[in-house]
Amino acid sequence: MLIAEVSEKFELSQDTLRYYERVGLIPRVNRKNSGIRDYTEEDCRWVEFIKCMRGVGLPVETLIDYVRLFQQGDETLETRKEILVEQHTELLTRMADMQKVLERLEGKMDRYDQMIGAAREITGISPVNFRGDTGN
């Protein structure tokens, strides 16, 4: 599969795919005799994995270490699992932090709904400059 096809399939720029390969986020992609990258299904699985992991914020450096260890073979299985367990724990912590922020935003939206409803009852119009919120 050509880089343009992989780019379209995963909605990543060709420059991003080249960067992934250059820094070691994906293993080296084989080339045709002409030097053009020829992505295999295995290469595409790596692209999809890295895109997924980066999409939730896993650090580039951690993923590079993971790929490097993978390339070293089965003697690194435990170390690779440790990396994944550590990232899993960090992701759970971030998700809990995000849940707290989400709940706070929902509370603020509810307060706005109440203030807007109260202003409508009093004035019969939708408040444009109603200042009842503390901003916290």
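Within each chain, residues carry numbers counting from 1 in the order of the written sequence. Confidence filtering applies because this is a predicted model: local features only for residues at pLDDT of at least 70, side-chain atom pairs given and counted only at 80 or more, and all residues used for totals across whole chains, interfaces and linings. To get the side-chain values, take all heavy atoms of the structure and skip hydrogens and water.

Colleague: So what's going on with the overall build of the protein? Which residues, and what values?
Modeller: When its secondary structure is counted, the protein shows five helices and zero strands. Put simply, DSSP H or I for four residues or longer makes a helix, DSSP E for two residues or longer makes a strand, and each gets a number counted from the N terminus. In sequence order, the protein lays out its α and β elements as α-α-α-α-α. In summary, the protein has a C-alpha radius of gyration of 24 Å against a globular reference of 14 Å for 136 residues, an excess of more than 25%. The principal-axis extent of the C-alpha atoms belonging to the protein is close to 75 × 35 × 20 Å. We call two residues in contact when some of their heavy atoms are within 4.5 Å. Put simply, 43% of the contacts in the protein that link residues at least 6 apart link residues at least 24 apart. As used throughout, the charge tally considers Lys and Arg to be positive and Asp and Glu to be negative, leaving His and the chain termini uncounted. Note that the charge is assigned to NZ on lysines, CZ on arginines, CG on aspartates and CD on glutamates. Counting 20 positive and 25 negative side-chain charges, the protein places the averaged centre of each group 4 Å from the other. Just to be clear, the radius of gyration here is over C-alpha atoms, and the globule rule we use is 2.2 Å times residues to the power 0.38.

Colleague: Lay out the nonpolar core with the relevant residues and their values.
Modeller: Val-6, Leu-17, Ile-26, Tyr-39, Val-47 and Ile-50 are the most contacted members of the largest nonpolar core, which has 22 residues in total. Mapped onto this core, the elements with two or more residues apiece are α1 (3-10), α2 (14-23), α3 (41-55) and α4 (60-72). Discounting chain neighbours no more than four positions away, the residues touching Ile-26 are Leu-17, Tyr-20, Glu-21, Tyr-39, Trp-46, Val-47, Ile-50 and Val-67. Among buried residues, the Ala, Val, Leu, Ile, Met, Phe, Trp, Tyr and Cys ones that are joined through side-chain atoms within 4.5 Å form a nonpolar core. Three labels apply to residues, based on accessible area from a 1.4 Å probe with only protein chains included: buried if under 20% of the type maximum, exposed if over 50%, partly exposed otherwise in between.

Colleague: Lay out a negative patch on the surface with the relevant residues and their values.
Modeller: A cluster of like negative charges, contributed by Glu-78, Glu-82, Glu-86 and Glu-90, occupies part of the molecular surface. Residue class for Glu-90 comes out partly exposed when judged on its relative accessible area of 38%. What makes a patch is a set of residues exposed beyond 30% relative accessible area and free of salt bridges, joined within 9 Å when like-charged and within 5 Å when nonpolar (Val, Leu, Ile, Met, Phe, Trp, Tyr). Using the Shrake-Rupley algorithm and a 1.4 Å probe, accessible areas are obtained, with residue cover drawn only from the displayed protein chains. We define a salt bridge as a contact between a side-chain nitrogen of Lys or Arg and a carboxyl oxygen of Asp or Glu at a distance within 4 Å.

Colleague: Please set out α4 residue by residue, giving values where relevant.
Modeller: Residue pairs spaced three or four apart in an α-helix point in one direction, given the helix's 3.6 residues per turn. One fewer than the residue count of a helix, multiplied by 1.5 Å, yields its expected span. Under the 1.5 Å per step criterion, the end-to-end length of α4 is 19 Å for 13 residues, consistent within 8% with the ideal 18 Å. On its buried face, α4 is in contact with α2, α3 and α5 (77-123). Count one or two residues on from α4 and you reach Gly-73, which has phi positive near 100°.

Purely spatial values, then, with no claim about function.
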